[in-house]
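Here's the letter readout for the chains.
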Amino acid sequence: MNYSNSSNLLCNGTANKHLDVLQAVNYEISWVYQVVYVLAAFTGLSLNMCFILVFMATSSLRTVMNQFLVSLALADSLTSLVVMIFSPFSLGEMTALLCGLKGFLVMSPVMAQVMSILLVTVDRFISIVFPFNYTTWVTQRWVNFTISAAWLYTVIVGSFGGIQCLQAWYPGGKCVITEIVAAWYNTVYIIHYVGLFIIMAFAYGKIGSIILHHRRQIAAAVAPEQAASEDLKIQLKVTKDVFVVVCTSMFCLGLIPIHLMLYHVTNLPLPKMRLVRNFFMLSNCIFDPIIYFLRFKDFQSAFKSIVGRIVNPHQN
């Protein structure tokens, strides 16, 4: 895999714009990388779409929490799809419109992943910390509103990225988004990740203390089944499984803000780290649905039932 160190410098002198020097790195990516990249994206897209289809085909799975997980799966699917579309020619010559479209389509799904993880975390926090208020606070109307608002927000944030790419593109330049968009825009992404990490640390720290208290109750109880309600036990089990999902996502996606911070500190494109970051991002799209089917027994059963009906359509 070869990289050239050449860079193109652009100074935008328009009166109503900032005078930014934009760097675009001229990569030369081997066909092996391209094939592996597209195959990984296809795998992530297929697995997440399978999860979404199982959810849609099974009415018993349409719980509040699962709707938030589907929002995350949809964000993962879009991320994989965008990679499949742009990977074969992402570093070749582009028009201004295509570069702007790429900026929008790349930025929006990544922000949607962040917002979906936030929704899942808030849902689990309310269900464990405020169990008696959960059904009255987290209604279907609330779920519809929060998911719609989160996706609308991601579209707005992605639109800013697309507009910047559209305006900053110049003939002969490479549409490398982190080098094209303004520093403040990358900072917005960093702030979102850091904020999400703080919220998750607080929420799951509180949930962890409740789990420890629950275990102490079981250990001290004469009859363990009386130590806590069955509903609480189920919620704790589901929350543990969700915790595995969101921690995996945060770990894989965490390289994005790290790469952005290092880029602005060193003012270097860091192409090798970019490749590692992108592979971790795609790995997240693959790991999430695998965890869903491994950890959530109801999805396993529904998936096996659907496959059984497909294989034996005449079986009752």
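Right above here is the structure, for reference.
To keep things clear, this report deals only with the structure shown in the data block. As the structure is a prediction and not an experimental result, all values here were calculated from the model.

1. As for the overall build of the protein
A tally of regular secondary structure across the protein gives 11 helices and two strands. When the helices and strands of the protein are read in sequence order from the N terminus, they spell out β-β-α-α-α-α-α-α-α-α-α-α-α. Counting the 316 residues in the protein, one finds 47% classified as buried. In the protein, the share of contacts with a sequence separation of at least 24, taken over all contacts with a separation of at least 6, comes to 77%. Carbon and sulfur atoms provide 70% of the accessible area of the protein, an area that totals close to 16100 Å².

2. Re the environment of K174
Mapped onto the secondary structure, K174 falls in the loop between α5 (140-168) and α6 (177-180). It is 9.9 Å that separates the C-alpha atoms of K174 and T95, two residues lying 79 residues apart in sequence.

3. Considering the environment of A168
With respect to the helices and strands, the residue A168 is situated in helix α5. Along the chain, A168 and C99 lie 69 residues apart, while their C-alpha atoms are 9.2 Å from each other.

4. Looking at the nonpolar core
One finds F51, I117, Y189, Y292, F296 and F299 to be the most contacted residues of the largest nonpolar core, which totals 66 residues. The element best represented in this core is helix α3 (residues 96-129), accounting for 12 residues. Beyond its immediate chain neighbours, meaning those up to four positions away, F296 contacts M65, L69, V238, D241, V242, V245 and I291. Listed in part, the eight residues of the second largest apolar core include Y33, A41, L275 and I286.

5. Brief notes about the packing of α3 against α5
For any two helices packed against each other, the geometry comes down to the angle between their axes and how far apart the axes lie. As a packed pair, α3 and α5 sit with axes 7 Å apart at the nearest point and diverge in direction by 150 degrees. When the axes of α3 and α5 are compared, the pair comes out roughly antiparallel. Crossing of α3 against α5: the hand is right-handed. By residue class, the composition of the contact of α3 with α5 is 17 nonpolar, nine polar and no charged.

6. Focus on a nonpolar patch on the surface
On the surface, a cluster of nonpolar side chains totalling about 430 Å² of accessible area is made up of L152, I156, F160 and W184. Per-element accounting of the nonpolar patch gives the leading share, three residues, to α5. Tracing the chain through its elements places W184 in helix α7 (residues 183-220). Accessibility expressed as a relative area gives 46% for W184, which makes it partly exposed.

7. Brief notes about the pattern of salt bridges
Inspection of every chain in the model, using the stated rule, returns two salt bridges. When the shortest N-O distance is used, the salt bridge between R295 and D241 registers 2.9 Å. Pair noted here: R295 is in helix α10 (residues 271-295) and D241 is in helix α8 (residues 230-253), with a separation of 54 residues, a long-range link. Taking the relative accessible area as the measure of exposure, D241 reaches 2% and is therefore buried.

Definitions and cut-offs
- Residues numbered from 1 in each chain as written.
- Predicted model: local features only at pLDDT ≥ 70, side-chain atom pairs only at ≥ 80, totals over all residues.
- Heavy atoms only, no water.
- Helix = DSSP H or I, 4+ residues; strand = E, 2+ residues; numbered from the N terminus.
- Buried < 20%, exposed > 50% of the residue type's maximum accessible area, 1.4 Å probe, protein only.
- Contact = heavy atoms within 4.5 Å.
- Areas by Shrake-Rupley, 256 points an atom, 1.4 Å probe, with all protein chains shown as cover.
- Core = buried A, V, L, I, M, F, W, Y, C linked by side-chain atoms within 4.5 Å.
- Axes fitted to C-alpha atoms, helices over the stretch in contact; angles between N-to-C directions.
- Parallel < 35°, antiparallel > 145°, perpendicular 65-115°, else oblique.
- Left-handed = near helix turned anticlockwise from the far one by under 90°.
- Nonpolar A, V, L, I, M, F, W, Y, C, P; charged D, E, K, R; others polar.
- Patch = residues over 30% accessible without salt bridge, like charges linked within 9 Å, V, L, I, M, F, W, Y side chains within 5 Å.
- Salt bridge = Lys/Arg side-chain N within 4 Å of Asp/Glu carboxyl O.

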